[in-house]
Number of protein chains: 2
Amino acid sequence: MNIPQRFLNLNYYLQKYLGELPPPPLHPASRQPVGPEDLTPLFPMELIKQEVSVDEFVDIPDEVREIYKLYRPSPLIRAKRLEKALKTPARIYYKYEGVSPAGSHKLNTALVQAYYSKKEGVKRLVTETGAGQWGSALALATKFFGLKCLVYMVKISFEQKPYRRVVMELFDAKVVPSPSKKTRVGRSFLKQYPRTHGSLGMAIAEAIEVAAGDEATKYSLGSVLNHVLLHQTVIGLEAKDQFKALGDEPDVVIGCCGGGSNFSGLAFPFLVDKLSGKKPNRRFVGVEPSSCASMSKGEYRYDFGDTGQQTPLLKMETLGSDFVPPPIHAGGLRYHGIAPTLAFLHQKKLVEAKAYDQVSVFRAAQEFAHSEGVIPAPESAHAIKAAIDEALRCRRQRKAETIIFNLSGHGLLDLKGYEDFLAGSLR
Amino acid sequence: MNIPQRFLNLNYYLQKYLGELPPPPLHPASRQPVGPEDLTPLFPMELIKQEVSVDEFVDIPDEVREIYKLYRPSPLIRAKRLEKALKTPARIYYKYEGVSPAGSHKLNTALVQAYYSKKEGVKRLVTETGAGQWGSALALATKFFGLKCLVYMVKISFEQKPYRRVVMELFDAKVVPSPSKKTRVGRSFLKQYPRTHGSLGMAIAEAIEVAAGDEATKYSLGSVLNHVLLHQTVIGLEAKDQFKALGDEPDVVIGCCGGGSNFSGLAFPFLVDKLSGKKPNRRFVGVEPSSCASMSKGEYRYDFGDTGQQTPLLKMETLGSDFVPPPIHAGGLRYHGIAPTLAFLHQKKLVEAKAYDQVSVFRAAQEFAHSEGVIPAPESAHAIKAAIDEALRCRRQRKAETIIFNLSGHGLLDLKGYEDFLAGSLR
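Just so it is clear, the model here is predicted, and its values are computed rather than measured.

1. Focus on the packing of aromatic side chains
All names here are of chain A. Within this structure, the stated rule accounts for 28 aromatic pairs over all chains. Their ring planes at 10 degrees and their centres at 6.5 Å tell us that Tyr-13 and Tyr-17 sit as a pair that is stacked. Linking Tyr-13 with Tyr-17, this pair stays in helix α1 (residues 10-18), spanning four residues, or about one helical turn. You can call Tyr-13 buried: its relative accessible area is 7%. The class for Tyr-17 is partly exposed, based on a relative accessible area of 33%. Ring centres of Tyr-94 and Phe-368 lie 5.1 Å apart, and the angle between their planes is 80 degrees; on these two criteria the pair is classed as edge-to-face. In this pair, Tyr-94 is assigned in strand β4 (residues 91-96) and Phe-368 in helix α16 (residues 358-372), connecting sequence segments 274 residues apart.

Below you can see the structure in the form of structure tokens.
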């Protein structure tokens, strides 16, 4: 199996089959669509182009494909032992992105973002990270392409998850606990909330301030935006080829949703067949934590992408940009909104949403680990829980459906959550 | 590429080409070779047979191969980015065993041991673990085969490395800090050294006492013995096939050595060509920490396998069974001896030994991570250091040799060592 040469752009197919695209980002003041000139202080031009592209495919740079070879194609594994444990006639497959050296799918886009930044003369990328999956992926990608990397890490994670920080520092990234005294906005947060543990919203605000104030520095985001979802389609494109080689194809496609990039990356190439009418009954299930369920419980409206209310307005399903999710262990799913494209697809009933509490999610994670050996990231375990529920439905209905879920990352740096689960102290 | 059907037994080739086998284990009292009847309280009969077999091959049970499919064949990766960074004409390959769900090569033998134990009616396996690589592999293997698992974990690791313990407990193993009050020998250690942090020697003693005292429980060891080395030859057999497919073959074969199983597993299938005269100049390099260098600095003599001096006498290169190595981060290499077969090969000058201090080893680990993205286990990083040195020799000598090393595990549960390294506080 080969690594795909091109990413797949869903917007081309939405245009073609629905004659409609998700509503564009707006200026908060003018409420007019933002243009490239509004985004150039933050992003390299090639990524801005990809953000609004309606071309069917976008080339994957050779330099990125060369690095993809370190871990791609990622394996598509049939979870036979899990099927047996569940006594289900369903075939359960998982696409395992945890084989990436960064431990998750996040590296797929981090490499592309670092590559184009380097190509356009950027010297440094700045970003925020919560639990640290995205920060470690960007740290590695910038190291590979010879860029500097600055990560604002939510203070409580910085203190409680020292090992994610060690990973980033091993790749020479500079990691700063947020809020910090290094930015104007950070100082104002510290003045306003002197004892704050920080939040993703504050960290984004600091990162954006740094990027906007330094021409050699750009900002990098790990989910939500079109170009990030685009880069993740390498997952679904590979899976489609792998299914073809196996002579099978999925009836149900499942992924966990924070900002939505890993689910979208797996789903979009398979969604094309639903849009075209070739597979009208194929189902797509995005899985959220019930404590932060933007698709399941949010409103479909324009909202800010960050808690600092500094970004353009995005048409999302949102719990409100001031919503503060409880401190669940799936830190990567603690986002108040969802990618505009996914919100649009959910509204069109092309994608379903499901939500689970974290105790049932960790229980599913352990069942999976017992069968397949892999300890999943708490985020990915949401997809496992939904896959198990679909497999049990197949048992009840005596249907031999094919289920695929994205195992977006391993949980080896999230063992505190498992410790709490085993001790019975999870809420 | 397929998973091998059979393990390769080096003893067959030693018999054939050297006409000589490594000296057998002896009774400490009688100094006569031990027989099967001495070992049955501790090991299942099939493993005892494998321990003394001189057959050329030993079948891999189908049930084990089925589970191997979850992570085998493990990838053989050319470290092109590292070659470039070193400006070497050498080709550097690594066999990556960190893809195992247990995170290291240890699962290769744990599965076989659990399988035969189950088959012979054993209900529970008991073992010891230091840092926890072996303990987590056996916990997973016993879970897969429906056995109970009891792990005596060196007390200081139990307290300082809670995440390895969480991994074992997630797979339903019972983990007891050693020395414990649960065994006679544990109570005597506690009486003698009330404030001890424990040691591998004490933990082995507790595990052996439990196995010897309960018919339904057997003891399981993660290195040193012939049958363990035999099971690890799956690594080298795969690598040989992978090289064939690439049209290349190694001039230098490298692995780190604690008890010696991961190095032996990679090396033995390639060593056959040296013994047969087909590849007389192929080199084999076992790499040790300079603070615990049994091959480089030990004496070749009969010694106990454990600090408690309870095992049969093994003809090893040994630093003395009472030697207490300093607390380096490569906990898996803190063993006073080396597998009898490896000691024999070293004495015959078929295998070379090299030793490095841990600061230079961590520096090599970081260089590797910067080039290849993978954070290696501190143990495996010893092999990386030697591979880099060989590649630099090739640069000086302008030789385009082919180097392979075994990347026996990832370092994601060993980040404390990297934290100390980055902070400059490693000794």
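2. Considerations on the sheet that holds strand β9 (residues 252-256) of chain B
All names here are of chain B. In space, the six strands of this open sheet follow the order β3-β4-β14-β9-β10-β13, with mixed pairing throughout. Edge positions in the open sheet fall to β3 (76-78) and β13 (352-356), since each of these has one partner strand only. The sheet shows a mean angle of 25 degrees between the axes of neighbouring strands, direction not considered. Along the sheet face, helix α12 (residues 226-246) touches β3, β4 (91-96) and β14 (402-407) and points at about 140 degrees away from the line of β4. Those strands touched by helix α16 (residues 358-372) are β3, β4, β13 and β14, and its axis lies near 95 degrees from that of β13.

3. Some points on the relation of the copies chain B and chain A
The pair of chain copies shares a relation made of a rotation about an axis and a shift along it. By a simple turn and slide, chain B fits onto chain A: the slide is 0.0 Å along the axis, the RMSD is 0.0 Å, and the turn is 180 degrees. One copy is carried onto the other by what is essentially a two-fold rotation axis. Here 100% of the contact residues of chain B are again contact residues in chain A; the copies associate through an equivalent surface.

4. Describing α1(A)
All names here are of chain A. Those residues of α1 that sit buried are Leu-10, Asn-11, Tyr-13 and Leu-14. For α1, the angular spread of the buried residues around the axis is 160 degrees, confining them to a single face. Of the surrounding secondary structure, the elements contacted by the buried residues of α1 are β1 (6-8), β2 (57-59), α12 (226-246), α13 (261-275) and α15 (340-347).

5. A word on the environment of A:Ala343
Tracing the chain through its elements places A:Ala343 in helix α15. In the structure, A:Ala343 is positioned 101 residues away from A:Gln242 in sequence and 28 Å away in space, judged by C-alpha atoms.

6. Observations concerning the UniProt feature "modified residue: N6-(pyridoxal phosphate)lysine" (unreviewed entry) in chain A
Residues and elements named next belong to chain A. Under the local residue numbering, the UniProt record ascribes the feature "modified residue: N6-(pyridoxal phosphate)lysine" (unreviewed entry) to Lys-106. Take Lys-106: it is sitting in helix α6 (residues 106-119). In this structure Lys-106 comes out as buried when scored by relative accessible area, which is 15%. Ignoring anything within four residues of it in the chain, the contact list for Lys-106 reads Gln-133, Trp-134, Ala-137, Gly-222, Ser-223, Gln-232 and Ser-261.

7. A look at the side chain of A:Arg165
Relative to the helices and strands, A:Arg165 resides in helix α9 (residues 162-170). Ignoring sequence-local partners within four residues, the contact set of A:Arg165 consists of A:Met153, A:Phe158, A:Val175 and B:Glu419.

8. Considerations on the packing of α9(A) against helix α18 (residues 415-422) of chain B
Contact geometry for α9(A) and α18(B): axes closest at 9 Å, N-to-C directions at 55 degrees. Considered as vectors, α9(A) and α18(B) are oriented oblique to each other. Crossing angle aside, the handedness with which α9(A) passes α18(B) is left-handed. Here A:Pro162, A:Tyr163, A:Arg165, A:Val166, A:Val167, A:Glu169 and A:Leu170 of α9(A) come into contact with α18(B), specifically with B:Leu415, B:Lys416, B:Tyr418, B:Glu419 and B:Leu422. For the contact of α9(A) with α18(B), the class distribution of residues is eight nonpolar, no polar and four charged.

9. A word on the sheet that holds strand β7 (residues 174-178) of chain A
All names here are of chain A. The four strands are arranged β7-β6-β5-β8 in an open sheet whose pairing can be described as parallel. One side of each edge strand has no neighbouring strand; the edge strands of this open sheet are β7 and β8 (217-219). Ignoring strand direction, the axes of neighbouring strands in this sheet form an average angle of 25 degrees. Against the sheet, α9 makes contact with β5 (124-129), β6 (148-154) and β7, and its axis sits at roughly 170 degrees relative to β6, the strand it touches most.

10. Some points on the interface of chain B and chain A
Facing 35 residues of chain B, the contacting portion of chain A comprises 35 residues. Where chain B abuts chain A, roughly 3,200 Å² becomes buried across the two surfaces, and 70% of that area is made up of carbon and sulfur atoms. Looking only at chain B, the three residues that lose the most surface to chain A are B:Tyr163, B:Leu170 and B:His370, adding up to 21% of its buried area. Linking chain B with chain A are two salt bridges. B:Glu419 is the salt-bridge partner of A:Arg165, the closest N and O atoms lying 3.1 Å from each other. For the side of chain B that touches chain A, the secondary-structure elements that each account for two or more residues are α4 (62-68), α5 (80-86), α7 (133-144), α9 (162-170), α16 and α18 of chain B.

11. Describing the side chain of B:Arg164
All names here are of chain B. Tracing the backbone through its elements, the reader meets Arg-164 in helix α9. An unpaired buried charge is present at Arg-164: no salt bridge exists, and Asp-414, the closest side chain of opposite charge, is 4.0 Å distant. A polar atom in the side chain of Arg-164 sits 3.3 Å from the side chain of Ser-136. The contact partners of Arg-164, leaving out residues within four places of it in the chain, are Ala-102, Ala-131, Gly-132, Gln-133, Ser-136, Met-153, Leu-413 and Asp-414.

12. Side note on the environment of B:Asn281
Residues and elements named next belong to chain B. Mapped onto the elements, Asn-281 comes out in the loop between α13 (261-275) and β10 (283-289). For the pair Asn-281 and Ser-178, spaced 103 residues apart in the sequence, the C-alpha separation amounts to 46 Å. In this view, Asn-281 contacts Asp-251 and Lys-274; residues no more than four positions away in its chain are not counted.

13. Points about the UniProt feature "domain: Tryptophan synthase beta chain-like PALP" (unreviewed entry) in chain A
As recorded in UniProt, the feature "domain: Tryptophan synthase beta chain-like PALP" (unreviewed entry) lies at residues 69-409 of chain A. Here residues 69-409 of chain A runs as 45% helix and 19% strand, with 18 Å between its end C-alpha atoms.

14. Digging into the environment of B:Asp214
Residue and element names in this part refer to chain B. When you line up the elements, Asp-214 lands in the loop between α11 (200-212) and β8 (217-219). With 90 residues separating them in the primary sequence, Asp-214 and Arg-124 have C-alpha atoms 9.5 Å apart. One polar contact links Asp-214 to Arg-124, side chain to side chain, over a distance of 3.5 Å.

15. Focus on the state of the cysteines
Residue and element names in this part refer to chain A. Applying the stated rule across the entire model yields zero disulfides over all chains. Of the cysteine sulfurs around Cys-256, a residue in no disulfide, the closest is that of Cys-257, at 6.7 Å. For Cys-256, a relative accessible area of 2% corresponds to the buried category. Here Cys-292 stays unpaired: no disulfide links it, and the sulfur of Cys-257, its closest cysteine neighbor, is 11 Å away.

Conventions adopted
Residues numbered from 1 in each chain as written. Chains lettered and ligands numbered in written order. Predicted model: local features only at pLDDT ≥ 70, side-chain atom pairs only at ≥ 80, totals over all residues. Heavy atoms only, no water. Phe/Tyr/Trp six-rings, centres within 6.5 Å; stacked < 30°, edge-to-face > 60°. Helix = DSSP H or I, 4+ residues; strand = E, 2+ residues; numbered from the N terminus. Buried < 20%, exposed > 50% of the residue type's maximum accessible area, 1.4 Å probe, protein only. Pairing = 2+ DSSP bridges. Axes fitted to C-alpha atoms, helices over the stretch in contact; angles between N-to-C directions. Contact = heavy atoms within 4.5 Å. Least-squares fit on C-alpha atoms with pLDDT ≥ 70 in both. Arc of directions from axis to C-beta. UniProt positions renumbered as here; feature names shortened; annotations may be inferred. Parallel < 35°, antiparallel > 145°, perpendicular 65-115°, else oblique. Left-handed = near helix turned anticlockwise from the far one by under 90°. Nonpolar A, V, L, I, M, F, W, Y, C, P; charged D, E, K, R; others polar. Buried area = accessible area lost by both parts, 1.4 Å probe. Salt bridge = Lys/Arg side-chain N within 4 Å of Asp/Glu carboxyl O. Lys, Arg positive; Asp, Glu negative; His and termini not counted. Polar contact = N/O pair within 3.5 Å; in protein donor to acceptor, adjacent residues only side chain to side chain. Disulfide = S-S within 2.5 Å.

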